[in-house]
Amino acid sequence: MKRIVTVQDISCVGKCSLTVALPIISAMGVEAAILPTAVLSTHTAFKKGFTLHDLTGEISPITAHWKSEGIAFDAIYTGYLASFDQIDLVKGMASDFPDAMLFVDPAMGDNGKLYYGFDEAFAHKMAELCALADIIVPNMTEASFMLGIPYVSDGYDESYVKDVLLRLCALGAKRAVLTGVSLREHETGAMGYDSTTGEFFSYYHDRIPVSYHGTGDVFASACVGALMRGKSLHESISIAADFTYESIRLTEAEEGHNWYGVNFEQAIPVLVERIK
């Protein structure tokens, strides 16, 4: 069985980060080890009153113990990282576990804005981590900030997206996937580029005109899980995109659904069927 270690926070309520990654990866028949970077009572979209306990100081002792036990990983999957120090520690992990595929979701912004507490300097620091990665999966906002180019929300064409992907791989990443790409009014999806082969690939589906916190985590977790099950990157993004779509669809169909995340749990049977 393949083993992934995923490095991100635990938001105890909120359906994002580790509470999304752990069940999705496990359901796909892949072992999910975790390295929590912080514990929050809820994710930050709750705005007021959430608690946060930073765990940056635990990262080095945990990884040192793993090394002493001879524990190895097939992939290191990073999501939301809260500080420069955490990024540097993950860069160290990539050196400590050189045989592990480094899969980076540079979770730091959306809709043309960085999340609270992040700035352009942080985006440039995240670009350093992406430069070491085998695969990165930024959205259009995150790609724009890492590259230092204006964010374009609509009206772009395929050649524009390909240029962004080429620039992302020029940072150093072997393969880049841009999520939230929309070339037609009623479609959305992802486009990728493999710098080792020069191949571009894409996958699109119908757009559901809603937005939920944590859908990027759902996509990234399913994508890295599919890769560990032997799927190609092109196959993996189609599986992840369809799973994310179904999670959103089921959420919208439920009367009185929560506002803070998607019902990915109900879509897991669809995901399991896709990877058989």
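From a predicted model like this one, the values you see are computed outputs, not experimental measurements.

Criteria and thresholds
- Residues numbered from 1 in each chain as written.
- Predicted model: local features only at pLDDT ≥ 70, side-chain atom pairs only at ≥ 80, totals over all residues.
- Heavy atoms only, no water.
- Pairing = 2+ DSSP bridges.
- Helix = DSSP H or I, 4+ residues; strand = E, 2+ residues; numbered from the N terminus.
- Contact = heavy atoms within 4.5 Å.
- Axes fitted to C-alpha atoms, helices over the stretch in contact; angles between N-to-C directions.
- Salt bridge = Lys/Arg side-chain N within 4 Å of Asp/Glu carboxyl O.
- Buried < 20%, exposed > 50% of the residue type's maximum accessible area, 1.4 Å probe, protein only.
- Lys, Arg positive; Asp, Glu negative; His and termini not counted.
- Arc of directions from axis to C-beta.
- Core = buried A, V, L, I, M, F, W, Y, C linked by side-chain atoms within 4.5 Å.
- Parallel < 35°, antiparallel > 145°, perpendicular 65-115°, else oblique.
- Left-handed = near helix turned anticlockwise from the far one by under 90°.
- Nonpolar A, V, L, I, M, F, W, Y, C, P; charged D, E, K, R; others polar.
- Phe/Tyr/Trp six-rings, centres within 6.5 Å; stacked < 30°, edge-to-face > 60°.

Caption draft 1: Summary view of the sheet that holds strand 1 (residues 3-13). Overall, mixed pairing links the 9 strands, which are arranged 3-2-1-4-5-8-9-10-11 in an open sheet. Both edges of this open sheet fall to strand 3 (52-54) and strand 11 (199-206), since each of them pairs with a single strand only. Against the sheet, helix 1 (residues 18-27) touches strand 1, strand 2 (31-42) and strand 4 (75-78), its axis set at about 135 degrees to strand 1. Contacts from helix 2 (residues 56-68) reach strand 1, strand 2 and strand 3, with the element oriented near 165 degrees to strand 2.

Caption draft 2: Seen up close, the pattern of salt bridges. Taken as a whole and assessed by the stated rule, the structure comprises 15 salt bridges. The salt bridge partner of Lys 91 is Asp 88, with a shortest N-O separation of 3.9 Å. In this pair, Lys 91 and Asp 88 are both assigned in helix 3 (residues 84-96), 3 residues apart and thus about one turn of the helix distant. Among the residues examined, Lys 91 registers a relative accessible area of 22% and is labelled partly exposed. Among the salt bridges present, the one from Glu 128 reaches Lys 91, with a minimum N-O distance of 2.9 Å. You can see Glu 128 sitting in helix 4 (residues 120-131) and its partner Lys 91 sitting in helix 3, a full 37 residues away along the chain. Classification of Glu 128 as partly exposed rests on a relative accessible area of 36%. Connected via shared salt-bridge partners are Asp 88, Lys 91, Lys 125 and Glu 128.

Caption draft 3: Main features of the side chain of Asp 217. Relative to the assigned elements, Asp 217 resides in helix 7 (residues 215-228). No salt bridge is formed by the buried Asp 217; the nearest opposite charge belongs to Lys 15, separated by 13 Å. Discounting residues that sit within four places of it in the chain, Asp 217 has contacts with Gln 8, Cys 16, Ser 17, Val 20, Tyr 77 and Asp 105.

Caption draft 4: Summary view of helix 2. Along helix 2, the residues classified as buried are Thr 56, Ile 59, Thr 63 and Trp 66. Looking straight down helix 2, one finds its buried side chains confined to an arc of 55 degrees; they lie on one side. Across from the buried face of helix 2, at angles greater than 90 degrees, the exposed residues are Gly 57 and Ser 68. Where helix 2 is buried, its residues touch strand 1, strand 2, strand 3 and helix 3. Immediately downstream of helix 2, the backbone of Gly 70 shows phi near 70 degrees, a positive value.

Caption draft 5: Structural view of the nonpolar core. The biggest cluster of nonpolar side chains holds 45 residues, and the ones touching the most others in it are Met 126 and Leu 178. Considering each element in turn, this core owes the most residues, 6 residues, to helix 4. Not counting chain neighbours up to four residues away, the residues in contact with Leu 178 comprise Pro 138, Asn 139, Met 140, Ala 143, Val 161, Val 164, Leu 165, Leu 168, Gly 189, Ala 190 and Met 191. The next biggest cluster of nonpolar side chains, apart from the first, holds 41 residues, and it includes Tyr 77, Val 137, Phe 243 and Phe 264.

Caption draft 6: Summary view of the packing of helix 1 against helix 7. Relative to each other, helix 1 and helix 7 sit at 30 degrees, their axes nearing to 9 Å. Put simply, helix 1 runs roughly parallel to helix 7. When you trace helix 1 past helix 7, the crossing you get is right-handed. Residues Val 20, Ala 21, Ile 24 and Ile 25 of helix 1 touch helix 7, and the partners they reach there are Asp 217, Val 218, Ser 221, Ala 222 and Val 224. Grouping the constituent residues of the contact of helix 1 with helix 7 by class yields 7 nonpolar, 1 polar and 1 charged.

Caption draft 7: Structural view of the pairing of strand 11. In this sheet, strand 11 lies alongside strand 10 (residues 187-194) in antiparallel orientation, the contact comprising 8 bridges. Note on strand 11: the bridge partner recorded for Tyr 193 is Phe 200. A loop of 4 residues connects strand 10 with strand 11, the two strands running antiparallel in sequence, and Gly 198 in this loop sits at a positive phi of about 80 degrees.

Caption draft 8: Seen up close, the packing of aromatic side chains. In this structure the tally under the stated criterion is 11 aromatic pairs. Between Phe 73 and Phe 97, the aromatic rings sit 5.3 Å apart at their centres with planes inclined by 70 degrees, giving edge-to-face as the arrangement. Highlighted residues: Phe 73 in the loop between helix 2 and strand 4 and Phe 97 in the loop between helix 3 and strand 5 (101-104), separated in sequence by 24 residues. Classification of Phe 73 as buried rests on a relative accessible area of 6%. Judged by its relative accessible area of 7%, Phe 97 is buried. Among the aromatic side chains, those forming a connected cluster through ring pairs are Tyr 80, Phe 84, Phe 118 and Phe 122.

Caption draft 9: View of the environment of Glu 199. Assignment of secondary structure puts Glu 199 in strand 11. Separated by 149 residues in sequence, Glu 199 and Phe 50 have C-alpha atoms that sit 44 Å apart. If near-sequence neighbours (up to four positions away) are discounted, Glu 199 is found in contact with Gly 192, Tyr 193 and Asp 194.

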